[in-house]
Amino acid sequence: MNVREPRFEAVLLAEDCDEDMVEFERLQGRGITLEDRLDEQLAGLAALGSGVDNDGAPGEYIHDEAARWAYYPWREVAVRVLGPAGFDRLRLDRNRNKITAEEQARLRSAAVGVVGLSVGHTVAYTLALEGACGVLRLADHDILELSNLNRIPASVLDLGVNKAVIAARRIAELDPYLPVEVWTEGVTPESVEDFFEGLDLVIDECDSFDVKLSIRTCAARRRVPVVMHTSDRGLLDVERFDLDGEQQPFHGLLGDLDPETLRTLSNRDKVPYVLRLLDAKQISERLAASLLEVGESLEAWPQLGADVGLGGVTVATAVRGIVLGGSVASGRCRVDLDLRLTVPEPQFPVPTEPETTQPNENTWSDSVAAVVDAATRAPSGGNSQPWTIVVEPTRLTFALATEPEPVLMDLYRRGSCVALGAALHNARVAAAAHGILGPHTVVDGPDEARPGIPLARLELGTGSDHEFAAFYGPMLARATNRFPSDDHTITHGELEAMHAAADLVDGRIRILTGSNDLAAIAEILSESDRVRYLDRPLRTEMIGELRWPGDSHPESGIEVVSLGLDTAESAMLEVVLRHDALDRLGEWGLGGGLGKMTRDRVLGSAGLVAVFTDRRSGADYIRAGATVESVWIAAQAVGLAVQPVSPIFLYADTRADFERLSRDHSDVLQVLQRNFADMLQVDEDDGIALLLRIGRTTAGPVRSRRRADRVLRADGLLLR
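This one's a predicted model, so the numbers in the text were calculated from it and none came from an experiment. (Residues numbered from 1 in each chain as written. Predicted model: local features only at pLDDT ≥ 70, side-chain atom pairs only at ≥ 80, totals over all residues. Heavy atoms only, no water.)

### Things to note about the overall build of the protein chain
- For the protein chain, the count of helices and strands is 27 helices and 22 strands.
- Compactness check: the protein chain gives a C-alpha radius of gyration of 35 Å against a globular reference of 27 Å for 720 residues, more than 25% above the reference.
- Across its three principal directions, the C-alpha atoms of the protein chain cover 120 × 45 × 45 Å.
- Counting only residues that meet the buried cut, the protein chain has 53% of its 720 residues in that class.
- Summed over its atoms, the accessible surface of the protein chain is roughly 31500 Å², and 51% of this surface lies on carbon and sulfur atoms.
- Put simply, the protein chain has 74 plus and 113 minus side-chain charges, and the middle of one group is 4 Å from the middle of the other. (Helix = DSSP H or I, 4+ residues; strand = E, 2+ residues; numbered from the N terminus. Rg over C-alpha atoms; globule rule 2.2 N^0.38 Å. Buried < 20%, exposed > 50% of the residue type's maximum accessible area, 1.4 Å probe, protein only. Areas by Shrake-Rupley, 256 points an atom, 1.4 Å probe, with all protein chains shown as cover. Lys, Arg positive; Asp, Glu negative; His and termini not counted. Charge placed at Lys NZ, Arg CZ, Asp CG, Glu CD.)

Here you go:
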C-alpha cells in the first residue's frame, strides 16, 4: 500500500494487514522514529477485565484486535497503539460512571462542527479528550501567528500553519482513530450550507460577524443547535434551533437583521450589534477598558488562555448535555471564576434611548418677560444655568446662584461668569428689540465671584439699538450643535460676521482655520478629555451632567440626544460611562482613545474661535461671556454650527489650581495649558473665556431645557 501522506491525519497501519506492513517497512527504511509502548497498553487493558468496550461490544473482541502503527508524517514518528476498540476502551476508561458506556456510545455517534480555531482549538480538543463526539469538522482560514500563542496551545514549530490543521494534528496525536475533517478555507456565507451537511451540532467561535449570523440562519433552517463561548466572564451561549427552528438568531438581540444586510455594514456600523451580543453592561472591567483602546494601543480586544480554556470546558459540557438529551435550554449563562473568587462586580444600568422632544417654548405677555426669557436662554457649562436674575420694574440684576456648587474645572467660578455674561448679552439684545434698552453695568469685584452678590445690572429704559435688535431672532434660535461637521471651508463673509459680532461688544477673538493649527489644538483637547475621563472626580462630574429620559432633573444638564453621537458612539457610551473600566485604564496608563471623539470633531471642523479676556477678574470673564454669546449668535446666523470645546485646564492659573483639578495628572495639565497658550498666542495677563468649534452640518441642534427657579422678584418670590 503506497500511502499519500496527509497533513493532519495519522496513517494507521494494521499489523494483520500484509499491505500495511509493506508500507510500514518502507517508512522504517526512511529512518522514521518508532515509539513502541504496546505492552504497557495491553497490561492496562488486561487490568480492566473482560467487561465490555465503550461501544458495548464484548471485551474478548477487544483483546483479539491487531495492534496498529499510527504514523504522524509531520513528526516523522510512528507510535504502536491498540486497535480501535481497545484504544477507546482504555483511553476513556476514567470517564466511567461520569459518562456511562451507553452514553459514551451515543456521544461517539455525534458529528460536531467547529468554526474558528483560536478559541475553537481548545473546544475541539476538549471534545476529543472526553470522547464527546464521533466526527469533528474544523474550519478556519487563518494561519498561526506568534500573537496567537497566548491562547492557542500550539508551539513555535506551528507558526505559519493553518489553525484548523494544527488542531487536527493535535487531536490525531490524542486519538488517531477519531475522524477529523479540515476546512482550510474557513466557512463563508456561501459555503455554510455545505459545512452543515451531516452535522448534529455546530460550535461558533469565529470572528466574522457575517459568518456568525449565516451560521445561525442555516442552523435554524436545518434544525441544528449552535453553541458559542465568549472568552470574557465565561459567557456561554446556547441556541437550540433543533427544538425551535423559528427562534431568532442570537436570542433576538439583533432584531431582524439578516446576513446580507450585515455584510453591507462597515466595521464601525457593526459595533452596536457586537456590544449587544457582548452585553456591554456585563463585560469585565478589563475588557471594557480594552475596548476603548482598540485602534489606539491595541490591535484587537484581548483574550486570555485561561478564559479560552474555560470555554473548552463549558462548551464541551453543553455539547454533552445536548447530545445526551439533557435539559440544556436556549439561553445565556456565565461561568465567571473571577466573580466566584472575589466580591461581585457592580451592575450597571443600561441607558434607555433618549427621546428627541424639544423644550416647551414660553410665550411672554410683555417686554420685560421677553427680556427675562432671553437671558435664561444663555449657554452654560453642563447647562447648569448658574445665575440668579432678580427682576424689578426698571432693572434686572444678575448674580451667581447659590447652587449647584461649581464643578472642578470652573475654577474661580470663571465659567459661571462667562455664562452670566452671555445671559446679560441676551437680555440686552431682547431689550433693544422691544425698545426698553437702558445702560448696563458690570460690577468689578474680587477675582473670584461669590454667589448672591450682584455682578451685573441692566437698566430697563426706552432705548433701542438696531445692531443689537437685529440679532433678536437668531438669539432665540441659538443652540449648541455637537454633531460632526460636514466638509466646509470658512468663507470671508463668515469670518467678517464673527469679528463684527465681537467688535459689537468690544470683545476680542482669534479664529483658527489652518489644518496644522486645528490638528495641534485637537491633540491638546483630546489629551484633556483623556484626563477628564481617567480622573474619577472629574469624570463623575461629567457623567452627572448627562440627562436621560425620566431623569429627576430634566431642566438642567445635557441631554444625551444632543451629544451628536452616531450609532457606534451611542453603543460605546455604555462602556465609556463605566467607572471600573476607566479606573483600570488609568492604572495601565492608557486611554488614548478616550479623546478620539473630540479629536475627530475638531479635525473635521471648519475652525475654532478663541474668545479672550483682557485680564482675569470675574468682571473680565462676564464681559468675555458677552463676546462668546455675540459671536455664537452671529456664527449660527450665517449658517455655522457651534459647540464649546474648552479644555478642563482653561481657568487654571497656579500649581494649586492644577492640583485641585487632578492630583494625578497635574503635570500633564500644566504642559497642555502651556502648549494651548502658545498655540493661541495668549499674553501673560490675558485669559481665554471659551473655545468654540465651528463648522457646517445638516444635523439640527437640540435645544437645552431651562430651569424655572432662576428668576426672582425683588421681594424674593419666584417670577415664574
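### Considering the pattern of salt bridges
- If you walk through the whole model with that rule in mind, you get 53 salt bridges.
- With a closest N to O distance of 3.2 Å, Asp 175 and Arg 108 form a salt bridge. Taken together, the residues Asp 175 in the loop between α7 (163–174) and β7 (180–183) and Arg 108 in the loop between α5 (101–107) and β5 (111–115) connect sequence positions 67 residues apart. Across the pair, exposure class does not vary: Asp 175 and Arg 108 are buried alike.
- Between Arg 623 and Asp 620 there is a salt bridge whose closest N-O contact spans 3.5 Å. Here Arg 623 pairs with Asp 620, and both are found in helix α25 (residues 618–637), just 3 residues apart, close to one helical turn.
- The class for Asp 620 is buried, based on a relative accessible area of 6%.
- One continuous salt-bridge network, built from bridges that share partners, spans Asp 88, Arg 91, Arg 108 and Asp 175. (Salt bridge = Lys/Arg side-chain N within 4 Å of Asp/Glu carboxyl O.)

### A short note on the packing of aromatic side chains
- Per the stated rule, a full pass over the model turns up 7 aromatic pairs.
- Arranged with centres 5.5 Å apart and planes meeting at 65°, the rings of Tyr 72 and Trp 74 form a pair that is edge-to-face.
- Overall, the relative accessible area of 6% leaves Tyr 72 in the buried class.
- Of the residues examined, Trp 74 reaches a relative accessible area of 22% and is grouped as partly exposed. (Phe/Tyr/Trp six-rings, centres within 6.5 Å; stacked < 30°, edge-to-face > 60°.)

### Some words on the nonpolar core
- Of all hydrophobic cores here, the largest spans 92 residues; its most connected members are Leu 396, Phe 398, Leu 458, Met 498, Val 609, Phe 676 and Leu 691.
- Counting residues per element, this core draws most heavily on helix α16 (residues 414–433), at 12 residues.
- Here this core spans two domains, and each of domain 3 (366–466 + 709–713) and domain 4 (480–695) adds at least three residues to it.
- When sequence neighbours within four positions are dropped, the list of residues in contact with Phe 676 reads Ile 521, Ile 524, Pro 647, Phe 649, Leu 650, Ile 688 and Leu 691.
- Core analysis: the second largest hydrophobic core is formed by 37 residues, Val 112, Val 123, Ala 168 and Val 319 among them. (Core = buried A, V, L, I, M, F, W, Y, C linked by side-chain atoms within 4.5 Å. Domains from an automatic or database assignment. Contact = heavy atoms within 4.5 Å.)

### A short note on helix α1 (residues 18–29)
- For α1, spanning 12 residues, the distance from its first C-alpha to its last is 17 Å, which sits close to the expected 16 Å at 1.5 Å a residue.
- Restricting attention to buried positions, one finds in α1 the residues Asp 20, Met 21, Glu 23, Phe 24 and Leu 27. When α1 is viewed along its axis, its buried side chains cluster within an angular range of 160° and face the same direction. The exposed set on the far side of α1, more than 90 degrees from its buried face, consists of Asp 18, Val 22, Glu 25 and Gly 29.
- Close packing links the buried residues of α1 with β1 (11–14), β2 (33–36), β3 (68–72) and β4 (77–81). (Expected span 1.5 Å × (residues − 1). Arc of directions from axis to C-beta.)

### Structural notes on the sheet that holds β3
- Sheet architecture is open: 4 strands sit in the order β1-β3-β4-β2, paired in mixed fashion. The open sheet is flanked by β1 and β2, the only strands paired with a single partner. Across the sheet, the axes of successive neighbouring strands diverge by a mean angle of 20°, strand direction being ignored.
- As judged from the 4 bridges shared by β2 and β4, these two strands associate in the parallel manner. (Pairing = 2+ DSSP bridges. Axes fitted to C-alpha atoms, helices over the stretch in contact; angles between N-to-C directions.)

### Quick look at the environment of Lys 596
- Within the secondary structure layout, Lys 596 lies in helix α24 (residues 596–603).
- With 587 residues separating them along the chain, Lys 596 and Glu 9 place their C-alpha atoms 49 Å apart.
- Excluding residues within four positions of it along the chain, Lys 596 makes contact with Glu 296 and Ser 526.

### Topic: the side chain of Gln 303
- Inspection of the secondary structure assignment puts Gln 303 in the loop between α12 (285–291) and α13 (305–323).
- One polar contact links Gln 303 to Arg 151, side chain to side chain, over a distance of 2.9 Å. (Polar contact = N/O pair within 3.5 Å; in protein donor to acceptor, adjacent residues only side chain to side chain.)

### Points about the sheet that holds strand β13 (residues 395–400)
- Read across the sheet, 5 strands follow the order β14-β15-β13-β12-β22 without closing on themselves; strand pairing throughout is mixed. Of all strands in the sheet, those bounded by a partner on one side alone are β14 (437–442) and β22 (711–713). Neighbouring strand axes in the sheet, compared pairwise and without regard to direction, differ in orientation by 20° on average.
- Two elements, strand β12 (residues 387–392) and β22, share 3 bridges in a ladder whose sense is parallel.

### Details of the domain arrangement of the protein chain
- In terms of domains, the protein chain is made up of domain 1 (1–96), domain 2 (97–341), domain 3 (366–466 + 709–713) and domain 4 (480–695).
- For domain 3 versus domain 4, the separation of C-alpha centres amounts to 23 Å.
- Counting residues at the interface gives 26 residues for domain 3, matched by 35 residues for domain 4.
- Counting the surface lost from both domain 3 and domain 4, the interface buries some 2700 Å², and carbon and sulfur atoms represent 62% of this.
- When the buried surface of domain 3 facing domain 4 is broken down by residue, Leu 408, Met 409 and Arg 414 rank first, second and third, together holding 27% of it.
- Applying the counting rule to domain 3 against domain 4 returns 2 salt bridges.
- A salt bridge links Arg 414 to Asp 653; its shortest N-O distance comes to 2.7 Å.
- Our count for the domain 3 to domain 4 interface comes out at 10 residue pairs in polar contact (both at pLDDT 80 or more).
- Here the side of domain 3 that touches domain 4 gets 9 residues from one element, more than from any other, and that element is α16.
- Tallied by class, the residues present in the side of domain 3 that touches domain 4 amount to 15 nonpolar, 7 polar and 4 charged. (Buried area = accessible area lost by both parts, 1.4 Å probe. Nonpolar A, V, L, I, M, F, W, Y, C, P; charged D, E, K, R; others polar.)

### Examining the UniProt feature "domain: THIF-type NAD/FAD binding fold" (unreviewed entry) in the protein chain
- With numbering aligned to this structure, UniProt lists the feature "domain: THIF-type NAD/FAD binding fold" (unreviewed entry) at residues 93–228.
- The span residues 93–228 is 37% helix and 15% strand, and its two end C-alpha atoms sit 29 Å from each other. (UniProt positions renumbered as here; feature names shortened; annotations may be inferred.)

### Overview of the environment of Ser 562
- Looking at where Ser 562 falls in the secondary structure, it is placed in the loop between β18 (558–559) and α22 (567–576).
- Each residue touching Ser 562, except ones within four places of it in the same chain, is listed here: Arg 482 and Val 702.
- For Ser 562, the side chain forms a polar contact with the side chain of Arg 482, separated by 3.0 Å.
- At 2.6 Å, the side chain of Ser 562 and the backbone oxygen of Glu 559 are in polar contact.

### A short note on the state of the cysteines
- Across all of its chains, the model carries 0 disulfides by this definition.
- Free of any disulfide, Cys 133 has its nearest cysteine sulfur in Cys 206, 19 Å distant.
- Its relative accessible area of 0% is what places Cys 133 among the buried residues. (Disulfide = S-S within 2.5 Å.)

### A few points about the pairing of β5
- For β5, the buried fraction is high: 5 of the 5 residues fall into the buried class.
- Burial of β5 is two-sided: the residues Ala 111, Gly 113 and Val 115 facing one way and the residues Val 112 and Val 114 facing the other way are all buried.
- Pairing of β5 with strand β8 (residues 201–204) involves 4 bridges; the strand directions are parallel. By the bridge assignment for β8, Val 115 is matched with Asp 204.

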